[in-house]
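# Coordinate analysis (summary)
What follows is the residue order along each chain.
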Amino acid sequence: MPTAAVLSANRKVKLDISMEAPIIVLPVSSRSPATFEANLGKLSLANDHRSTPHFAHTILTDIMSFKLSDMSLSRSRAGQGRDLNTATIVHPISFELDITRNMEGAYKEDDLPEVKIEGTLHQVQAELSKDDYNTLMALVIQNFQEQGVLEKEHRASSLSNKVLSLDRKSVV
């Protein structure tokens, strides 16, 4: 069982983060205007520290709540700085995850677990047309077949043809 000094040394950080998650655009190939867009929606992360009774003593726990909402996947064609012909494949979905950490560690079998994870994935509605499937297969095949151009490594002009020499001097 941890001593009072160890318990008082535990560091606690309060989190309360909310942000718009990124939109990731995956091109089918470098020569195709067809793309997939993964909109990761909104992200929120918050935590709370609690003293949880356990047998004859209390245990410090950190409970983190992680939520992603309004995530979606769509197929589109990019052109002249804006997207045209967008087709939604996965309609907006939400995901919640609660993580409880035992800040003092588990030493015995009947102790609270060091990490407990509970999650909920709400309803998923997806529509995949033949065009969506064909574009998805093209993304996989064409991206793996595409060959990039390797450029010759350029050395900095300040380092070219220079030799580093070390002189040995005796220090008295």
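### Some thoughts on the overall build of the chain
Regarding its fold elements, the chain presents two helices and seven strands. Reading the helices (α) and strands (β) of the chain from amino to carboxyl end gives α-β-β-β-β-β-β-β-α. A buried classification covers 22% of the 172 residues belonging to the chain. Considering only contacts within the chain whose residues lie at least 6 apart along the sequence, 59% involve residues at least 24 apart.

### Side note on a nonpolar patch on the surface
Taken together, the side chains of L128, Y133, L136, M137, V140, I141 and F144 make up a nonpolar region of the molecular surface, amounting to roughly 680 Å² of accessible area. On the secondary structure map, F144 appears in helix α2 (residues 130-145). By relative accessible area, F144 is classed as exposed at 71%.

### Thoughts on the side chain of S29
As for its position among the elements, S29 is in the loop between β2 (23-27) and β3 (34-39). Of note is the side chain of S29, whose polar atom sits 3.3 Å from the backbone nitrogen of S32. Separated by 3.3 Å, the side chains of S29 and Q142 make a polar contact. Residues contacting S29, with those up to four places away along its chain left out, are Q142, N143 and E146.

### With respect to the nonpolar core
Listed in full, the eleven residues of the largest apolar core are V28, A34, F36, L43, L68, M71, I89, V90, I93, A138 and L139. Mapped by element, the contributors of at least two residues to this core are β3, β5 (57-79), β6 (82-102) and α2. Here the element with the most residues in this core is β6; it accounts for three residues. If we ignore the near neighbours within four places in the chain, the residues touching M71 are N39, L40, G41, H91, P92, I93 and F95.

### Describing α2
Residue pairs spaced three or four apart in an α-helix point in one direction, given the helix's 3.6 residues per turn. The end-to-end C-alpha separation of α2 is 22 Å, in line with the 22 Å expected for 16 residues at 1.5 Å each. Within α2, burial applies to D132, T135, A138 and L139. Down the axis of α2, the buried set is contained in an arc of 120°. They therefore lie on one face. In α2, the exposed residues that point more than 90 degrees away from the buried face are K130, F144 and Q145.

### Concerning the environment of S94
Positionally, S94 belongs in strand β6. Not counting the four nearest positions on each side in its chain, S94 is found in contact with L68, S69, D70, T120, L121 and H122.

### Considering unusual backbone geometry
A positive phi is found at D70, a non-glycine position, where the angle reads about 60°. Along the polypeptide, D70 turns up in strand β5. Among the residues examined, D70 registers a relative accessible area of 36% and is labelled partly exposed.

Parameters at a glance
Residues numbered from 1 in each chain as written. Predicted model: local features only at pLDDT ≥ 70, side-chain atom pairs only at ≥ 80, totals over all residues. Heavy atoms only, no water. Helix = DSSP H or I, 4+ residues; strand = E, 2+ residues; numbered from the N terminus. Buried < 20%, exposed > 50% of the residue type's maximum accessible area, 1.4 Å probe, protein only. Contact = heavy atoms within 4.5 Å. Patch = residues over 30% accessible without salt bridge, like charges linked within 9 Å, V, L, I, M, F, W, Y side chains within 5 Å. Areas by Shrake-Rupley, 256 points an atom, 1.4 Å probe, with all protein chains shown as cover. Salt bridge = Lys/Arg side-chain N within 4 Å of Asp/Glu carboxyl O. Polar contact = N/O pair within 3.5 Å; in protein donor to acceptor, adjacent residues only side chain to side chain. Core = buried A, V, L, I, M, F, W, Y, C linked by side-chain atoms within 4.5 Å. Expected span 1.5 Å × (residues − 1). Arc of directions from axis to C-beta.

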